[in-house]
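Coordinate analysis (summary)
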Amino acid sequence: MTAQSTPAKAPRPWLALRDDLLIPLLAIVMALIVGSFVIVFTNFGVLDILSGASSANLAGAMWSAIATAYGSMFEGAIGNFGAIATAFASGDSAAIGQALYPISESLATTAPYVLAGLAVAVSFRCGMFNIGVEGQIFLGAIFATYVGYAFTGLPAIVHIPLAVLAGALGGALWAAIPALLKARAGAHEVITTIMLNYVAYRLTDWLLSGPMQRPGSTNPISPLIAQTAELPRLLPEPARFHIGFFIALAVAFGVWWLLFRTTIGFEIRTVGANPDAAQYSGMNVTRNLVLAMCLSGALAGLAGANQVLGMNRTMTGGISGGLGFDAIALALLGKSHPAGVVAASFLFGVLRSGATKMQSVAEIPTDLISIIQALVIAFIAAPAIVRGVFRIKRGGDDARTVFMRGWGR
Amino acid sequence: MDPVLELRGITKRFPGVLANDHIDLALGQGEILALLGENGAGKSTLMNVLYGLYKQDEGEITVRGKPLHTTGPNDSIAAGIGMVHQHFMLIPVLTVTENVMLGQESLRGGVFLDRRAAANRIREISKAYGLEVDPDAYIKDLPVGVQQRVEIIKLLYRNADILIFDEPTAVLTPQEADELAKVMRSLVAGGKSIIFITHKLREVREVADRVVVLRLGKVVGGANPKTASEAELASMMVGRQVLLTVDKAEAKPGEPVLIVDGLRVLDDREGLVVDGVSFDVRAGEILGLAGVQGNGQTELVEALTGLRSPQAGHVTIVGQDTTRANPRTVTELGVAHVPEDRQRDGLVLSYPVADNMVLNTYYLPPFARGVVTQQAEVDKVAAERVKQFDVRTPGIATSAGSLSGGNQQKVIIARELSRPIKLLIAVQPTRGLDVGSIEYIHSRIVEKRDQGCAVLLVSTELDEIMGLSDRIAVMYHGRINGVVNAADVTKEQLGLLMAGVHPDQALAGPAVAA
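Residues numbered from 1 in each chain as written. Chains lettered and ligands numbered in written order. Predicted model: local features only at pLDDT ≥ 70, side-chain atom pairs only at ≥ 80, totals over all residues.

**Overview of the overall build of chain A**
What counts, and what does not: Secondary structure elements are defined from DSSP: runs of H or I of at least 4 residues count as helices, runs of E of at least 2 residues count as strands, and each element is numbered from the N terminus. Taken over C-alpha atoms, the radius of gyration is set against a globule rule of 2.2 Å times the number of residues to the power 0.38. As a rule, residues whose C-beta atom has 12 or fewer other C-beta atoms within 10 Å are exposed, those with 20 or more are buried, and those in between are partly exposed; C-beta atoms are placed from the backbone. Here the contact rule is simple: place C-beta atoms from the backbone, and any two residues whose C-beta atoms are within 7 Å are in contact.
A count of helices and strands for chain A gives 17 helices and 0 strands. On C-alpha atoms alone, chain A measures out to a radius of gyration of 23 Å, which is about the 22 Å that the 2.2 N^0.38 rule sets for 409 residues. Seen along its three principal axes, the alpha-carbon backbone of chain A occupies a region of about 75 × 75 × 45 Å. The proportion of buried residues among the 409 residues of chain A is 48%. The long-range fraction of contacts in chain A, counting pairs at least 24 apart against all pairs at least 6 apart in sequence, stands at 76%.

**Here we look at the overall build of chain B**
Of the regular secondary structure elements, chain B holds 18 helices and 24 strands. Relative to its length of 514 residues, chain B is compact, with a C-alpha radius of gyration of 25 Å against a globular reference of 24 Å. Viewed in the frame of its principal axes, chain B has a C-alpha envelope of about 70 × 50 × 50 Å. Looking at chain B as a whole, 49% of its 514 residues qualify as buried.

**Here we look at the domain arrangement of chain B**
The figure often quoted for interface size is the accessible area lost as the parts come together. All names here are of chain B. Where we set the bar: Residue ranges for the domains trace back to a domain assignment, done automatically or taken from a database. All residues other than Ala, Val, Leu, Ile, Met, Phe, Trp, Tyr, Cys, Pro, Asp, Glu, Lys and Arg, Gly among them, are scored as polar; the first ten of these are nonpolar and the last four charged.
Under the domain assignment, chain B is made up of domain 1 (5-238), domain 2 (243-334 + 420-514) and domain 3 (344-416). When each unit is reduced to the centre of its C-alpha atoms, the spacing between domain 1 and domain 2 is 35 Å. The interface of domain 1 with domain 2 comprises 13 residues on the first partner and 10 residues on the second. When residues of the side of domain 1 that touches domain 2 are traced back to their parent elements, those giving at least two are helix 6 (174-189) and helix 8 (230-238). The element that contributes the greatest number of residues to the side of domain 1 that touches domain 2 is helix 8, accounting for 5 residues. Looking at the side of domain 1 that touches domain 2 residue by residue, the class counts come to 6 nonpolar, 4 polar and 3 charged.

**Considering the confidence of the model for chain A**
Residues and elements named next belong to chain A. Convention followed: The score called pLDDT rates the predictor's confidence residue by residue, from a low of 0 to a high of 100.
When pLDDT is averaged along chain A, the result is 88, and 91% of the positions lie at 70 or above. Counted against residues more than four places away or in other chains, residues 1-11, with its pLDDT under 50, gives 35 contacts. Predicted confidence is poor over residues 396-409, with pLDDT under 50, and the contacts of this stretch with residues over four places away or in other chains come to 31 contacts.

**With respect to the pairing of strand 14 (residues 272-282) of chain B**
Residues and elements named next belong to chain B. Test applied: By this definition, two strands are paired if DSSP reports at least two bridges between them.
Where strand 13 (residues 256-266) and strand 14 come together, 8 bridges link them in antiparallel fashion. Looking across to strand 14, one finds that Ile259 is bridged to Asp280. Where strand 13 hands over to strand 14, the hairpin turn is made up of 5 residues, of which Glu270 adopts a positive phi near 65°.

**Considerations on helix 9 (residues 297-304) of chain B**
Residues and elements named next belong to chain B. For helix 9, the tally of buried residues reaches 8 of 8 residues, placing the bulk of the element in the interior. For helix 9, the set of buried residues is Gln297, Thr298, Glu299, Leu300, Val301, Glu302, Ala303 and Leu304. Of the residues flanking the end of helix 9, it is Gly306, one or two places downstream, whose phi is positive at about 85°.

**Thoughts on helix 16 (residues 367-381) of chain A**
Residues and elements named next belong to chain A. What counts here: Residue count minus one, scaled by 1.5 Å, sets the expected span of a helix. Arc definition: it is the arc formed by the directions from the helix axis to the C-beta atoms.
Taking 1.5 Å of rise per residue, the 15 residues of helix 16 would be expected to cover 21 Å, and the 21 Å separating its terminal C-alpha atoms lies within 8% of that figure. Three or more residues of helix 16 are buried, namely Leu368, Ile369, Ile372, Gln373, Val376, Phe379 and Ile380. Burial along helix 16 is one-sided: seen end-on, the buried residues are contained in an arc of 145°. Opposite its buried face, helix 16 presents the exposed residues Asp367 and Ala381, each directed more than 90 degrees away.

**Notes on the sheet that holds strand 5 (residues 66-67) of chain B**
All names here are of chain B. Spatially, 2-1-4-5 is the arrangement adopted by the 4 strands of the open sheet, whose pairing is antiparallel. On the outer flanks of this sheet lie strand 2 (17-27) and strand 5, each paired with one strand and no other. Relative to strand 4 (residues 58-63), strand 1 (residues 5-14) runs antiparallel, the two being bridged by 5 bridges. Across the sheet, the residue bridging to Arg8 is Glu60, located in strand 4.

**A short note on the nonpolar core**
Going by this rule: Any nonpolar core is a set of buried residues, restricted to Ala, Val, Leu, Ile, Met, Phe, Trp, Tyr and Cys, that join up through C-beta atoms within 7 Å.
By size, the foremost hydrophobic cluster in this structure holds 263 residues, and its most contacted members are A:Leu115, A:Leu118, A:Ala119, B:Phe196 and B:Leu457. Per element, the largest residue contribution to this core is 14 residues, and it comes from helix 13 (residues 285-312) of chain A. Apart from the residues within four sequence positions on either side, A:Leu115 is in contact with A:Ala248, A:Val251, A:Leu299, A:Leu302, A:Ala303 and A:Asn306.

**Thoughts on the packing of helix 7 (residues 133-150) of chain A against helix 13 of chain A**
Residues and elements named next belong to chain A. To be explicit about the condition: An axis is simply a line fitted to the C-alpha atoms; with a helix, the fit covers only the stretch in contact. Between two such axes, the angle follows the N-to-C directions and lies from 0 to 180 degrees. Comment on the angle field: the value is read as roughly parallel under 35 degrees, roughly antiparallel over 145, roughly perpendicular from 65 to 115, and oblique elsewhere. We call a crossing left-handed when the near helix sits turned anticlockwise from the far one by less than a right angle, and right-handed when that turn is clockwise.
Relative orientation of the contacting elements helix 7 and helix 13 amounts to 50°, with a least axis distance of 7 Å. For the element pair helix 7 / helix 13, the angle class is oblique. Judged by the sense of rotation from one axis to the other, the crossing of helix 7 with helix 13 is right-handed. Only Gly297, Ala300, Gly301, Leu302, Ala303, Gly304, Ala305, Gln307, Val308 and Leu309 of helix 13 make contact with helix 7, whose side of the interface consists of Val133, Gln136, Ile137, Phe138, Leu139, Gly140, Ala141, Phe143, Ala144, Thr145 and Gly148. Here the residues of the contact of helix 7 with helix 13 sort into 13 nonpolar, 8 polar and no charged.

**Focus: the sheet that holds strand 12 (residues 218-223) of chain B**
Residues and elements named next belong to chain B. Spatial strand order, 6-9-10-3-11-12: 6 strands in an open sheet with mixed pairing. Edge positions in the sheet fall to strand 6 (81-84) and strand 12, since each of these pairs with one other strand and no more. Here the average twist between neighbouring strands, direction ignored, is 20°. For strand 9 (residues 162-166) and strand 10 (residues 193-198), the ladder comprises 5 bridges, and the chain directions are parallel.

**Here's the deal with the pairing of strand 6 of chain B**
All names here are of chain B. Residues Ile81 and Met83 line one face of strand 6 and the alternating positions Gly82 and Val84 line the opposite face, and both faces are buried. Note: strand 6 against strand 9, 4 bridges, orientation parallel. Counterpart to Met83 in the pairing with strand 9 is Ile164.

**So, the confidence of the model for chain B**
Averaged over all residues, the pLDDT of chain B equals 89, while 98% of them reach at least 70. Taken over the whole predicted complex, pTM reads 0.82, whereas the ipTM for its chain interfaces reads 0.84.

**Digging into unusual backbone geometry**
All names here are of chain B. The omega angle of the peptide bond from Pro365 to Pro366 is 5°, so this bond is cis rather than trans. Take Pro366: it is sitting in the loop between helix 12 (353-357) and strand 19 (368-369). We note that Leu216 has phi near 50°; this positive angle belongs to a residue other than glycine. If you trace the backbone, Leu216 turns up in the loop between strand 11 (210-215) and strand 12.

**Section: the environment of A:Arg391**
Here A:Arg391 lies in the segment after helix 17 (383-390). Given 6 C-beta atoms within a 10 Å radius, A:Arg391 is considered exposed.

**Topic: the packing of helix 4 (residues 58-77) of chain A against helix 15 (residues 338-362) of chain A**
For any two helices packed against each other, one specifies the inter-axial angle together with the distance between the axes. Residues and elements named next belong to chain A. Between helix 4 and helix 15, the least distance of the axes is 7 Å, while the angle of their chain directions is 125°. Overall, the two elements helix 4 and helix 15 adopt an arrangement that is oblique. Helix 4 and helix 15 meet at a crossing whose hand is right-handed. On the side of helix 4, the interface is formed by Thr68, Ala69, Ser72, Met73, Phe74, Glu75, Gly76 and Ala77, while helix 15 contributes Val350, Ser353, Gly354, Ala355, Thr356, Lys357, Met358, Val361 and Ala362. Along the lines of polarity and charge, the residues of the contact of helix 4 with helix 15 split into 9 nonpolar, 6 polar and 2 charged.

**Here we look at the environment of B:Ala223**
Summarising the element assignment, B:Ala223 is placed in strand 12. What B:Ala223 contacts, discounting residues up to four positions off in sequence, is B:Val211, B:Ala228, B:Glu232 and B:Leu233.

**Thoughts on the environment of B:His314**
Residue and element names in this part refer to chain B. Here His314 is to be found in strand 16 (residues 312-317). When the 15 C-beta atoms within 10 Å are taken as the criterion, His314 is described as partly exposed. Along the backbone, His314 and Arg324 are 10 residues apart, and their C-alpha atoms lie at a distance of 8.7 Å. For His314, the residues in contact, after removing those within four places along its chain, are Asp261, Gly262, Asp321 and Thr323.

Right, dumping it as C-alpha cells:
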C-alpha cells in the first residue's frame, strides 16, 4: 500500500477545503439539472409537443418551462434586482420593504433551519443520532408559548429572553430522557428519540385541545403570546423577518466556539470520534453523551421557540412542519460543522421560500422543491457521483470526521 | 534451474514517491525467499504489482518463462500466484468450507452448493500440508492462527503454487508463528514456492532460504540467512548501524511504586481472567510481564489503569489506593499508559497530531484556561514534541490516521513520556513496528527507568521482555507463574513458565544458553 510506503502524506488542506465547498456546490448544480428534467417532463406544453398534439418548437418549450420555473423560484427567494434598485433609489421605506420581501422571507425561513440543523450536528459530533429533534422542537415551542402568554406585565427585555430560554429548556428536558435511558439502561437513542417524537405529537394535541387551548376557540390552537414576548420584526408588514435570524447566527457561532475552542467541545468531539480513546484519556463518556444530547435538545427547543415567538406568535400542531427531519439533512449537508449548517440552511430557506412563488407563477407544485432537496442530499451522500461527473480528483485527508458512530453500538 | 517467477526492472511511481525503483527479483522452485525491509521500503507495493492490484510503470514479470500481464488479481491467480494478506479476507459468519469455496463454488445439479465435495478437498489439502483445520467450523470461532491457515488453504484450493505472505506473523502469537514456519516448510516440500514479506529478523533467519533486502524502493542486496547475522541484516535494512540489544546499566530499584495485591478481574463475559495476582514494581526498574496473548494481561492492565473495575484485591500506586479509581485519577498520579491497541485506545485517528499530543492533558494549563482551549500553546508544545521524539509527520496538523504505525506509536510515546511520570505501563509498545522504531522506543523506555521511573512492560515478544526487563513475571491462566531475575533465566525456562510448567520444575534444570 502506498499509505505505508510514504512516511506520511503531505498535508493539502486546500484540497480538503475544496472538497468541502466544491462537492456540495456541484451537488446543488446537479440537483437543479436533474430537477429541470422533472420540470420539462411534467410540463403540459412539452408533453403536448411530444405526443404530437402541438407543433411548437420542442427545445423552446423546454427552455421556457425551465426558465419560468427557476426564474420564478429565484425571484420568489431572492427578489428582483431591478425592483430592489428602484426601491432604494426612490427612498420610500414601504417600497424598500416590498422589494426586500422575498429575501427577507428566505432569511426568516433559514433561522429555524439553522437551529434545528445545529441540534442534529451536535449529536453527530458526539457520535449519536438524534432523530428526536422534531419532538424536541414541539416541546421547546410548548414551553416558549406557555411563558409567552401566561406571563404578563413583564418588560420585553425580560420577557423575550425568558421565553426563548424556556424553549431551550423544554427541548433539553425532552432530549434528556433518551440521553438518560442510554446512559442508565443502554437504550439506543435512535429508537427512543423516534418514539418520543410520537409522544410529543400527542402531548401537543392534548395540550392544545385542553389546558393550553385558546379560550373561546374550538380549534387546537394556543392563545396568542403577549406582545412583550414577540421577537421584534425588522421590516414593515407583511414581512415576517425578525431578529431570530441573527439569534440563530449568534447561536451557530456559539456552538462553533464551544465545539472547537473549549475543552467541553474537545471532550464531546473525542467521545464522538473514538469513545475508547476518550475513556482512555480520562473523559467521562456517559456524562458527555448526556451533555451533548441535552445541548442538542436545547438547540431544537430554540428552533421551536423561534417559530412561536418570531413567526406564528401562537402554537399549533403544524408549528414545525417536518423541520426536525430536514434538520438531519442539513447536518449531513453541512458536514456537522456550524458554518456548513448555516450555509445548508440558507440553501433550504431559499428553496422553500422560492417554492411558493414558483407554484403561483409557473404552476409547479412545491413538491418539486422536495425533489430538489432530496437530490441535493443524495448527491452529497454519494460524492463519488459528483466527482465522476465533474472529473474531480480525490483530495485532502482520508481520516475525516465520522458522523454517525452511534449506529450499531 | 529456471526461476518460477522473475521480476525485471519493476518500477512503480506514486505522486511524489518512487515506491519501486528498477527492482529485479527471481524466485526459485521450492524456495522460501524473504523480502526484508522497513515499513515504507516498497515491499507491499512490489507484491501488489505482482498480485495485479497495481500496474507497474516499467519492467516485466515472467512466470515459468511466460510473461505475465495483469489487469487485476484474477490474472495473477490464474497464473498460480496467491497472496495471504496481513488482514484476512474472510467472512466471520460463514464456515471454513464456505469461505474457501467462495468465488469458486462446487455445485451439485448446477444450483446447489456441494459443501461435502469442497470439505473433502479441504481435508486433503490440510492433510498434505499439515494445515489442521475443521472445515465445518465458523470463522468467527477460530483463533487468528487458524484463520490464517484458512487463508492459505484458500490459495491451495485455487491451485496457487507461488504463495506470497504479507507480514504473516504480525498478528500471531510466538507459538502460532512457529506453527506457521512449519507450515511454510511443508508447503515448499510439497513443491510450492514462497515469497515472505517481513521486517522481523529472527523469522528470516528461521525460515528463509534466501533474503533480499529492500530499502527506499531499491534492492540493496541479498544474503544467506544461515550465515548473515541479525546485525548485518538490520544495518542493510535501515542503512546504518542498529543496536539490536538495548544497552542498559544495572538497575537501581527504589521504593515500590505499584503494588498489586490479590487482584481478581472479570472479563466482558464475566469470566475470571485475572485470578489473585500480586506483584510490585519499584522505582528505577523494569518489570516485564511475559505471557502468551490472552492469559489475562489485557484485563490486568485495564484494571491497573482504571479502565476496568476489579472484582477483588487492591492496587496501590505511589502509596494511594487506586483499586477502583477512574482513568483520570490514575493519570494524574503520574501514570503513563502506552495502550495495547494504539489505534483503538491511544489515538483519535481523525484528529491532528497536535490534539493527540494532549489527549489526556488538554484540560490542564497551559493547554486550557478555564474551559477555553489555548490552541497556540497546544500547537507549540506539539511541535516541540514532534521534533524531540522524531515523529515523521508533514506537520502537527496532519491527522494521526495518516501516519505510519511507527510514527503513530511515537506520538503516543511522546505524549506519555513527556509528562512528569512515576510509573510507565507499556503494553506491546513495539508490536508491528520496524527495527528503527523498536530501537528508538526501547531506548526511551530504558531512559525513563534510569530517571527513576517504575516501568511495567507487558509483552508477548520474548526478545523484548528479555532485552529490557530487570525482573520478569510470567502470567499463565490469570495467575503469576513465577517472578524471576532477568539475568538468571533462559529463553527456554521462560517458555516453560509461559506454558504453565510449575516454576520449581521450569527453573530446576541446568540453565541452557539461549
